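Results of the structural survey
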Amino acid sequence: KAGVTQTPRYLIKTRGQQVTLSCSPISGHRSVSWYQQTPGQGLQFLFEYFSETQRNKGNFPGRFSGRQFSNSRSEMNVSTLELGDSALYLCASSVIGQGASYGYTFGSGTRLTVV
Amino acid sequence: AQSVTQLGSHVSVSEGALVLLRCNYSSSVPPYLFWYVQYPNQGLQLLLKYTSAATLVKGINGFEAEFKKSETSFHLTKPSAHMSDAAEYFCAVSDDTGKLIFGQGTTLQVKP
């Protein structure tokens with residue numbers, strides 16, 4: 001069974017640009033969450049999508065957005081990139097929403113570097 | 001609001017020694033608690049989870065954790081460290097919306 005697939009693995013972007021990251025959940029998983037990991041702030045929740053609807057959102061500016069498609073694949077977009085957006089972005093999928101009791105499966109992440 | 005505190009950002013043990021990574025949580029409701037491990041340039045791998053069944057939870061790779069409500073703790077242990085256990089470990093609690101709130105992480109170093 002394939003795991004959670006995130007593409008690309010590495011990205012280098014320039015300040016002011018925008019970027020789109022992709023996440024394909026485990027087959028049958030309908031919930032996809034996104035987390036940002038930085039050395040200073042640690043792991044922080046960005047948002048969760050379930051059945052194409054955003055169910056939960058973390059405390060990030062509106063430059064961070066996401067969406068989920070009918071096949072449960074998800075994308076997140078960051079517009080007007082800032083140096084502080086450099087981070088490892090992790091996607092996690094779960095069988096159903098409220099996945100805490102079932103556990104989340106994480107992908108290997110996309111390492112974004114903003115220069 | 002839920003929160004997690006991991007005591008000790010770095011822990012060093014000798015190979016074969018006991019591993020103890022400490023985690024204390026704050027939660028207003030019975031929590032779901034998790035331990036994840038992260039190897040360099042990798043995502044998070046679930047080691048074990050507590051979901052109010054047994055208070056002693058056994059996970060993968062010989063790890064286990066005990067939920068102690070009176071101490072609001074969920075410490076991770078392994079009787080005998082292996083070199084391959086060197087990694088960063090995260091304790092997490094889920095809030096009432098289901099999202100995970102992570103501790104700051106503990107880097108485990110295993111010395112030969």
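This text goes with the structure placed above it.
The structure presented is a predicted model; accordingly, all values stated were derived computationally and were not measured.

Before going further, it helps to spend a moment on the pattern of salt bridges. Residues and elements named next belong to chain A. Throughout the structure, instances matching the rule amount to seven salt bridges over all chains. Where Arg 63 meets Glu 82, a salt bridge forms, and the shortest distance between an N and an O atom there is 3.6 Å. Of the two residues, Arg 63 sits in the loop between strand S6 (53-57) and strand S7 (64-68) while Glu 82 sits in the loop between strand S8 (74-78) and strand S9 (87-94), which places them 19 residues apart along the sequence. By relative accessible area, which is 16% here, Arg 63 ends up buried. Salt-bridge contacts for Arg 73 lead to Glu 75; the nearest nitrogen and oxygen are separated by 3.2 Å. Overall, the relative accessible area of 23% leaves Arg 73 in the partly exposed class. Salt bridges linked by common partners bring Arg 63, Glu 82 and Asp 85 together as one network.

With that out of the way, let us pick up the nonpolar core. Counting 26 residues, the largest nonpolar core has Trp35(B), Leu48(B), Phe74(B), Leu76(B) and Tyr89(B) as its most contacted members. Of all the elements in the fold, those that place two or more residues in this core are strand S2 (10-14), strand S3 (19-26), strand S4 (33-38), strand S5 (44-50), strand S7 (64-68), strand S8 (73-78), strand S9 (87-94) and strand S11 (106-111) of chain B. Ignoring any residue separated from it by four or fewer positions in sequence, one finds Leu76(B) in contact with Val19(B), Leu20(B), Leu21(B), Trp35(B), Leu47(B), Leu48(B), Phe63(B), Glu64(B), Ala65(B) and Tyr89(B). Among the nonpolar cores identified, the runner-up in size contains 21 residues, and Leu21(A), Leu46(A), Ala87(A) and Leu112(A) belong to it.

Before going further, it helps to spend a moment on the environment of Ser9(B). Residues and elements named next belong to chain B. Structurally, the position occupied by Ser 9 is in the loop between strand S1 (3-7) and S2. Looking at Ser 9, the relative accessible area reads 47%, which means it is partly exposed. Spatially, the C-alpha atom of Ser 9 lies 10.0 Å from that of Arg 22, the residues being 13 residues apart in sequence. Not counting chain neighbours up to four residues away, the residues in contact with Ser 9 comprise Gly 105, Thr 106 and Thr 107. Within the structure, the side chain of Ser 9 is placed 3.3 Å from the side chain of His 10, a separation counted as a polar contact.

All names here are of chain A. With burial as the criterion, only one face of strand S11 (residues 110-114) is covered, namely that bearing Thr 110, Leu 112 and Val 114; the residues Arg 111 and Thr 113 on the opposite face remain uncovered. Where strand S2 (residues 10-13) and S11 come together, four bridges link them in parallel fashion. Considered in S11, the bridge of Leu 11 is made with Leu 112. Taken together, the three bridges between S9 and S11 define a ladder with antiparallel strand orientation. Bridged to Tyr 89 within S11 is Thr 110.

Residues and elements named next belong to chain A. If you trace the backbone, Thr 110 turns up in strand S11. What makes Thr 110 buried here is its relative accessible area of 0%. A polar atom in the side chain of Thr 110 sits 2.5 Å from the backbone oxygen of Pro 8. Excluding residues within four positions of it along the chain, Thr 110 makes contact with Gln 6, Thr 7, Pro 8, Arg 9, Leu 11, Leu 21, Ala 87, Leu 88 and Tyr 89.

Cut-offs and rules
Residues numbered from 1 in each chain as written. Chains lettered and ligands numbered in written order. Predicted model: local features only at pLDDT ≥ 70, side-chain atom pairs only at ≥ 80, totals over all residues. Heavy atoms only, no water. Salt bridge = Lys/Arg side-chain N within 4 Å of Asp/Glu carboxyl O. Helix = DSSP H or I, 4+ residues; strand = E, 2+ residues; numbered from the N terminus. Buried < 20%, exposed > 50% of the residue type's maximum accessible area, 1.4 Å probe, protein only. Core = buried A, V, L, I, M, F, W, Y, C linked by side-chain atoms within 4.5 Å. Contact = heavy atoms within 4.5 Å. Polar contact = N/O pair within 3.5 Å; in protein donor to acceptor, adjacent residues only side chain to side chain. Pairing = 2+ DSSP bridges.

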